[in-house]
Every structure is written in structure tokens, then in C-alpha cells.
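Chain residues, written in single-letter form:
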Amino acid sequence: MAHKRSDYFGLSYLVSVILAIIPVTSWICGVVTRFTEGKIVAGILRLLLGWNIIWILDIIFMIVNKSIFRLLNI
């Protein structure tokens, strides 16, 4: 059975959820993901605000939508 790829670096859904639950890895992976997408402003916002509500929203969105929370698409 093929695994559906998730948001963090094309890793499997289960691994991405585990990474999203751990605050430090969620923050690092979220920042790196946004910068690799070319979303500089969103990456900077995650760098500055990633320790609070964005972390909780990442967990919720990863479980429900299988992708991280995207506040801005800039």
C-alpha cells in the first residue's frame, strides 16, 4: 500500500504528524518548508511567531488537512 506524502519534505503522513507534535521540530520544519516554497514573508513570520498559536494550528491542520497551516501565501 502506497503512503500518501505529507507536507514536511515529502515524508509520510505519520512521520509528519509526529514532527508537528514536537514543538522544536515543528518550528524548524515549518520555517524550512515555507522558505523552500519561496514564501519569504511567511517563513519570517513562522520564524518569529512559530512557538505559539501557529504550532497548535500546525498540529490541527496536519491531522485534518495533511498540510501545515498557511497564514500567508506571500
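Residues numbered from 1 in each chain as written. Predicted model: local features only at pLDDT ≥ 70, side-chain atom pairs only at ≥ 80, totals over all residues. Heavy atoms only, no water.

Quick notes on the environment of N73
Along the chain, the position of N73 falls in the segment after α4 (53–65). A C-alpha to C-alpha distance of 18 Å links N73 and W55, two positions 18 residues apart in sequence. Setting aside residues up to four positions removed in sequence, N73 forms contacts with R34 and K39. (Helix = DSSP H or I, 4+ residues; strand = E, 2+ residues; numbered from the N terminus. Contact = heavy atoms within 4.5 Å.)

Some details on unusual backbone geometry
Positive phi outside glycine occurs at F9, with the angle close to 55°. With respect to the helices and strands, the residue F9 is situated in the segment before α1 (13–21).

Structural notes on the pattern of salt bridges
A complete count under the given rule lists three salt bridges for this structure. Notably, a salt bridge pairs E37 with R34, separated by 2.6 Å at the nearest N-O pair. Take R34: its relative accessible area is 1%, and that puts it in the buried class. A salt bridge links E37 to R70; the nearest nitrogen and oxygen atoms lie 2.4 Å apart. Of the two residues, E37 sits in the loop between α2 (23–36) and α3 (40–49) while R70 sits in the segment after α4, which places them 33 residues apart along the sequence. A residue is classified by how much of its surface remains accessible, and E37, at 33% relative accessible area, is partly exposed. Where salt bridges share partners, they join R34, E37 and R70 into one cluster. (Salt bridge = Lys/Arg side-chain N within 4 Å of Asp/Glu carboxyl O. Buried < 20%, exposed > 50% of the residue type's maximum accessible area, 1.4 Å probe, protein only.)

Some points on the packing of α2 against α3
How two helices sit against one another is set out by the angle between their axes and by the gap between those axes. It is at 8 Å that the axes of α2 and α3 come closest, and there the two elements cross at 165°. It follows from the interaxial angle that α2 and α3 lie roughly antiparallel. Regarding α2 and α3, the two cross each other, and that crossing is left-handed. Here α2 contributes W27, G30, V31, R34 and F35 to the contact with α3, which in turn contributes I40, A42, G43, I44, R46 and L47. Per-class residue counts for the contact of α2 with α3 are seven nonpolar, two polar and two charged. (Axes fitted to C-alpha atoms, helices over the stretch in contact; angles between N-to-C directions. Parallel < 35°, antiparallel > 145°, perpendicular 65-115°, else oblique. Left-handed = near helix turned anticlockwise from the far one by under 90°. Nonpolar A, V, L, I, M, F, W, Y, C, P; charged D, E, K, R; others polar.)

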